[in-house]
Amino acid sequence: MKMTSKKKKSLLRYSLGDSVFLAIVYLLLLFSFLIILYPILYVISASFSDPNAVAGGEMILWPINPSLQAYEYILHYGDIWTGYANTIFYTVAGTLLNLLFTLPCAYMLSRRDVVGRGIIMTLFVITMYFGGGLIPTYLNLNELGMINTRWSLLLPGVVSAYNLIVARTFFVNTIPWELQEAAFLDGCSDFRMFTKIILPLSSPIIVVMTLYYGVGHWNAYFNAMIYIRDRELYPLQVFLREILTMGQFASDAMQNGGDLSPEEMLALAKQTETANMIKYAVIVVSTAPMLIVYPFLQKYFAKGVMIGSVKG
Amino acid sequence: MMKTRTKKLTTLLLTALMTAAFAACGNSSTTNKQTDAASEAASNTSDTTDSSADNSAEDLYYNTEGFPIVKEPITIELSGITGTTQDWQNTHIVKKIEELMGIRLECTTYADSNTWNTQFATMMASDTLPDLITQISVSKTMTNEYGADGYLLDISDYLHLMPNFSRFLEENPEYAAYHTTEDGSIYSFDRVRPVDLPQVGLYVSKADQEKYGFSVEDIKTTEDFYEVLKSIKEQNPDAIPLSLTFDGQCGQRGTFTIRNAFGIYSMDQNNLLGVDDQGQVILYDITDNNKAYLEYMNRLWKENLLDQESFIMSSDEYRSKIRNGEVVFWHDWAYLATGVQAEDAGIYQEYDSLLAMTSEYNDTATYVMAPPYNASARVMVSANTEYPEAVCRLLDYVFSEEGQIFFSHGTEGETFEYIDDGMGNMIPNHDNFWDQTKYSSQSEWLYQEVSIGNAFEIVIPSDSLAIVKAATDDELNTFIYEDPSYQYTADAHTELALRKQVEVRRYPSFLPVPYSTEESDALSQPNTDMSLLLQQYKAQFITGKLDIDTAWDSYKEQINVFWNQIQPVIQGAYDRANK
C-alpha cells in the first residue's frame, strides 16, 4: 500500500501553468499575511518603545529605547483590572445568556412541526434591519430600571437575529428530522430531545456561537458608555477608550490653549504623555486573552463557520 | 393562494398594530414630560418669587447670604468632563463645598466630550439631567433653545440671590449681551478670561539666533522675516526655517503673527470674520490683504522656507520635530513643545518670541486680542433641579473674588498659603502642600487632588496680569528669570517683548454673537460649505497648485456665492448684539 501511494505521489506532476499559479497564490498569501501581521507587530513593539518616538513617527517596526515602563504603570492602574474583571464577567455571563436564549429559539424555529415559525422568523429578521434608535432604546431601558446596572449590558441584544439564523440553519441541515421523529416515537419529550439529543450533536455550532457572542462582548464598549455611569461597572474597553481619548482630549485642549492656564496645560501635557505611554500596552493586555484562547477553538471554528450556510 | 393571501393580510395587520403601538406610546409621554418640565420650572419660578416675597426667612430651605447656603445638607448632581482619571468626588473643592456650604456634590464625570454629549442627549430625552451641567459642548443657540423648551433653568429669575454675578454682568456688558436672550433669559454662562495681553506668535531659541546670526528684535517687517528665513536655509539646507500647521492642528496660531502683519485681524483658521470702520461685517478671506498673505506664504513654500509637511503632519509629529531641534521658528505652548517643566522657568531664558511685524498692507505692529469669552456654553442648570436657589448661590460664589481663589487654589492653610512674590505682592503658593511622593509636579497634584478641572473656573483671575502691566522693565526681568512661583513669568515675557516695540496696536477680534435658531439654521450649511472651500483654496494657493493671480477672481466669485447668503444674517445678529 505504501509503495502504491508513493508511486501515486511520484506520478503527480504540476504543469508549468499550475506552478505559476501556485507561486502567485503563495505570494498573495504571503503579502496578505504581512499586511495583517504588521499592525500586530507594530502595536507590540510600540508597547515596549519610547512613547515620544512612537508619537513622533520614528518607530517603524522594531522597538526604540525598549522598556517595560508602560506595563509597570498598567500593573498599578487599578481601573484596568476592574475593567478586566468586569469584561470577563460580561463575556462569560453574557455568552451563557446568549446561548441560553439563542439555541432553544433556533431549535424551535428549525422544527417543521411548529405552527407560525415562518411569521416568527420574519419578525426576527425585521429587527435585523430596523431598530428604535439610541434615544428610544435608552428610554426603554430607563423605564425598565436597567440604566447603570449590569443588566443593561447583558440583556439588550441577548438574541442576535443573524446568529439565530445561522444556528437555525445548522439544526435544519445537520440534525436529521428522522432521528427526532424516532425519538418522539420512543416517548421523548421536547426538552429531553433538546438536551439529550440535539445539544450533544451541536458542538460545532455551540463553539461558533460562543466565539461570535464572546468576541462581541469582549469588544463591546458603546452600550457601557451610554448606559453605565458607575466606573466600577465599566468593562475594559471603556477604560481603554478613556485612555485613548484622554490623550486626544489633552491634545485638543492644548491646541485651543488660549483658554487654559500654564498649570492646566502642564497637567494636560503630563496626561498626554501618560496616555501615549500606556495605550499600546493596554491594547496588548486587552487583546491577549482572545489571542490565547482562539488557537484552542480554531478547529471547531473552521468546521463550524460555514455550518450555518444553506446547503443544497 | 389562500395561504399566500392570509400571510399577506397577517403581515399587514401586524405592521399596522406595531405602528399604532409606537405612535401611542412614544411622543405623547415625551411631550407630556417636556410640558411638565416647562410648567414645573415655571411654577418653581413663580413659587420662588412668591415665597421669597411672602414667606418668612424661616420657611426657606436656604440662606439668602453667607455660608452655609442651605440650612439642612442637600445633594446636588454634577456632571462634566475630566479628560483624566481624576476623581472629582474626592477632591478638596468638593469636600470643602459640602463642609462650608452644606451642599454635597454627587459627581459623574466622562472621559471626553463625545461621550458626555451623547449622555446629555439621552438624559434630556429621559428627563434625567443632573442639577449642574458643566463643560458641555453645546452652542449658545442650542442652549437658548433648550432653555426655551423648558430643559434649563432661567438663571435671570434668581439674580436677586446672585449679587456677584449681577455685578459681573454690569461690569461686562458684552458678556451680558452675549449670554442674555431676547426675552431677557440667561440659560448658561461660559468662561471669561483676561485678554489684556495678546498671545505672542512664533518662538525661536536664543541658541538658533546666535547660530544663524540674527536677532528677533531686528525683524520688523515681513520682508525682514523672509530674509532671515532665507539666510537660515542658505547656512543649513537641512534646517526647517519655519514650521506651522494649518486647520485645527497644533501650531496653527503661528499663522496669526504673519496674518496680522497683512492686516488680517482674526483668530480663526477659515471664515476670517472682521468688522470694518463702518461697522460692517467683512470676510478677510476675499480681501486683497489675504491675497497678499497667501502670495507671501506661497513664496515661502516655493523656496522651501516653510515646512513642506505643514498640511499633513500631526500634532505629535510637529512637537517631535521641535524637540529634536529640526525647526527654527515654530509655535506652540513652549514648555510643552520642548518638554521643559514650568517649575524650571527656564524656558523663557532659552527662547524669544517673534513680535508683530508690519508690511505694505499694515504699517503698525498689530496684535489681535482673543475674545474675552468663548462662543459656547460651559455651565447650565437643569430646570428640574429641586434646589434652584442653592445652585444659583453656589454659582454666584464662582464670580466672587474669594470664589475665584477657592476654585483655582483651594483653601488657605489647607492647600495654599499667601507668600510674598518678592515684589511686594501676596500670592497663593502651594509649595508646602503638594504631595511630592505621589506627584511629579504641583500642577498634577492641583488637578488630581484639589480642583475639579475647570468645571467651575468660569472666571480666570487676572490679578497677575495687573501686576505685570504695572511693573517696570527691571521688575519684568525679575519675573522672567527669578520668579520662584512662576506666577508671572509667561505674562512678563510677553509684556517685556511688547514694550520693546515702538508702536503697538491691539485689535479686538470678532466677538462671538448669539444667533437665534432661525439664524443658526440659515448659517449652518453655507458656513460649512464656505469653510471647506476656503480650506481647499488656501492649501492650493500656498502650495502653488493654483496660481493666485489667475485663479483669484474665480475664487472670490465662488466664495461670494456663500458669503452673500451669510453676511446679512451675521450682520443682523451683530447689530442686535451691539445695540
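Remember, it's a predicted structure, so these values are computed and weren't measured experimentally. Within any chain, residue numbers begin from 1 and follow the written order of that chain's sequence. Here chains are named by letter from A upward and ligands by number from 1 upward, in the order in which they appear as written. Side-chain atom pairs in this predicted model are given and counted only at pLDDT of 80 or more, local residue features only at pLDDT of at least 70, and totals for whole chains, interfaces and linings cover all residues.

Before going further, it helps to spend a moment on the overall build of chain A. Across its full length, chain A holds 15 helices and zero strands. Sequence-distant contacts in chain A: of pairs separated by 6 or more residues, those separated by 24 or more amount to 73%. Numbering goes from the N terminus for both helices and strands, where a helix is a DSSP run of H or I of at least four residues and a strand is a run of E of at least two. With C-beta atoms placed from the backbone, a contact is any residue pair whose C-beta atoms sit within 7 Å.

This next bit is on the overall build of chain B. Each helix and strand in chain B was counted, giving 21 helices and 15 strands. Across the 579 residues that make up chain B, the buried fraction comes to 42%. The contacts in chain B between residues at least 6 apart in sequence include a share of 74% that link residues at least 24 apart. Three exposure classes are used, all based on how many other C-beta atoms lie within 10 Å of a residue's own C-beta (placed from the backbone): buried at 20 or more, exposed at 12 or fewer, and partly exposed between those limits.

Glancing now at the confidence of the model for chain A. Along the chain, pLDDT gives the predictor's confidence residue by residue, from 0 to 100. Of the residues in chain A, 84% reach a pLDDT of 70 or more, and the chain-wide mean stands at 84. By mean pLDDT, the top-scoring element of chain A is helix H8 (residues 151–154) of chain A (95), and the lowest-scoring one is helix H1 (residues 2–11) of chain A (52).

Right, let's talk about the packing of helix H9 (residues 161–174) of chain A against helix H12 (residues 203–219) of chain A for a bit. All names here are of chain A. Remark: H9 packs on H12, axes separated minimally by 11 Å, with the N-to-C direction vectors making an angle of 175°. It follows from the interaxial angle that H9 and H12 lie roughly antiparallel. The residues of H12 that touch H9, namely those facing Asn163, Ala167 and Phe170, are Ile205, Met209, Tyr212 and Tyr213. Side-chain classes follow a simple rule in which Ala, Val, Leu, Ile, Met, Phe, Trp, Tyr, Cys and Pro form the nonpolar group, Asp, Glu, Lys and Arg form the charged group, and the remainder, Gly included, forms the polar group. For the contact of H9 with H12, the per-class residue count stands at six nonpolar, one polar and no charged. Angles shown run from 0 to 180 degrees and are taken between the N-to-C directions of axes, each axis being a line fitted to C-alpha atoms and, for helices, limited to the stretch in contact. Note on angle classes: values under 35 degrees are labelled roughly parallel, values over 145 roughly antiparallel, values of 65 to 115 roughly perpendicular, and the remainder oblique.

Okay, the domain arrangement of chain B next. Quite often, the size of an interface is put as the accessible area lost when its parts meet. Residue and element names in this part refer to chain B. Note that domain bounds follow an automatic or database assignment of domains. Split into domains, chain B comes out as domain 1 (38–189 + 379–403) and domain 2 (203–372 + 511–518). With six residues of domain 1 at the contact, the number on the domain 2 side is seven residues. Secondary-structure elements contributing two or more residues to the side of domain 1 that touches domain 2 are helix H4 (140–148) and helix H6 (173–179). When its residues are assigned to classes, the side of domain 1 that touches domain 2 shows two nonpolar, one polar and three charged.

So, on to the sheet that holds strand S2 (residues 103–110) of chain B. Residues and elements named next belong to chain B. If you trace the five strands from one edge of the open sheet to the other, you get S2-S1-S3-S12-S4, paired in mixed fashion. The open sheet is flanked by S2 and strand S4 (188–189), the only strands paired with a single partner. Following DSSP output, two strands are said to pair if at least two bridges run between them. Taken together, the eight bridges between strand S1 (residues 74–81) and S2 define a ladder with parallel strand orientation. Note on S2: the bridge partner recorded for Leu78 is Cys107.

What follows concerns the packing of helix H5 (residues 78–110) of chain A against H9 of chain A. All names here are of chain A. Across the interface, H5 lies against H9 with an axial gap of 8 Å and an inter-helix angle of 55°. The orientation of H5 relative to H9 falls into the category oblique. In the packing of H5 onto H9, the handedness of the crossing is right-handed. Judged by residue contacts, Thr102, Leu103, Cys105, Ala106, Tyr107, Leu109 and Ser110 of H5 engage Asn163, Leu164, Ala167, Arg168, Phe171 and Val172 from H9. In this scheme, a crossing is called left-handed if the near helix is turned counterclockwise away from the far one by less than a right angle; it is called right-handed if the turn is clockwise.

For the rest of this paragraph, the subject is the confidence of the model for chain B. Residues and elements named next belong to chain B. Across chain B, the average pLDDT comes to 81, with 81% of residues at 70 or higher. Residue range residues 23–54 is modelled with pLDDT below 50. Its contacts to residues more than four positions away, or to other chains, number 20 contacts. A low-confidence stretch, residues 340–345 (pLDDT under 50), is modelled with 16 contacts involving residues beyond four sequence positions or located in other chains. For this predicted complex, the interface confidence comes out at an ipTM of 0.72, alongside a pTM of 0.74.

This part is about the nonpolar core. Residues and elements named next belong to chain B. Residues Ile103, Leu152, Val391, Leu394 and Val398 are the most contacted members of the largest nonpolar core, which totals 62 residues. When neighbours within four sequence positions are excluded, Leu152 is seen to be in contact with Thr143, Tyr146, Gly147, Tyr187, Met380, Val381, Ser382 and Ala383. In this structure, Phe225, Val281, Ala292 and Phe541 belong to the second largest nonpolar core, which totals 61 residues. By convention the nonpolar core is taken to be a set of buried residues drawn from Ala, Val, Leu, Ile, Met, Phe, Trp, Tyr and Cys and joined through C-beta atoms within 7 Å.

Residue and element names in this part refer to chain A. Under the convention used throughout, the expected extent of a helix is 1.5 Å for every residue step, that is, one less than its residue count. With 14 residues, H9 extends 20 Å from end C-alpha to end C-alpha; this agrees with the ideal 20 Å at 1.5 Å per step. Of the residues making up H9, those classed as buried are Asn163, Leu164, Val166, Ala167, Arg168, Phe170 and Phe171. Buried-residue contacts for H9 involve H5, helix H6 (117–129) and H12.

Further remarks concern the environment of Phe120 of chain B. Within the secondary structure, Phe120 of chain B is located in helix H3 (residues 113–125). Here the alpha-carbon distance between Phe120 of chain B and Ile133 of chain B, two residues 13 residues apart in the chain, equals 8.8 Å.

What follows is about the environment of Lys211 of chain B. Residues and elements named next belong to chain B. By the secondary structure assignment, Lys211 is in helix H7 (residues 206–212). For Lys211, a count of 14 C-beta atoms within 10 Å translates into the label partly exposed. Linking Lys211 and Arg253, residues 42 residues apart in sequence, is a C-alpha distance of 26 Å.

Omega for the peptide link from Phe67 of chain B to Pro68 of chain B comes to 0°, which places this bond in the cis form. Structurally, the position occupied by Pro68 of chain B is in the loop between helix H1 (2–54) and S1.

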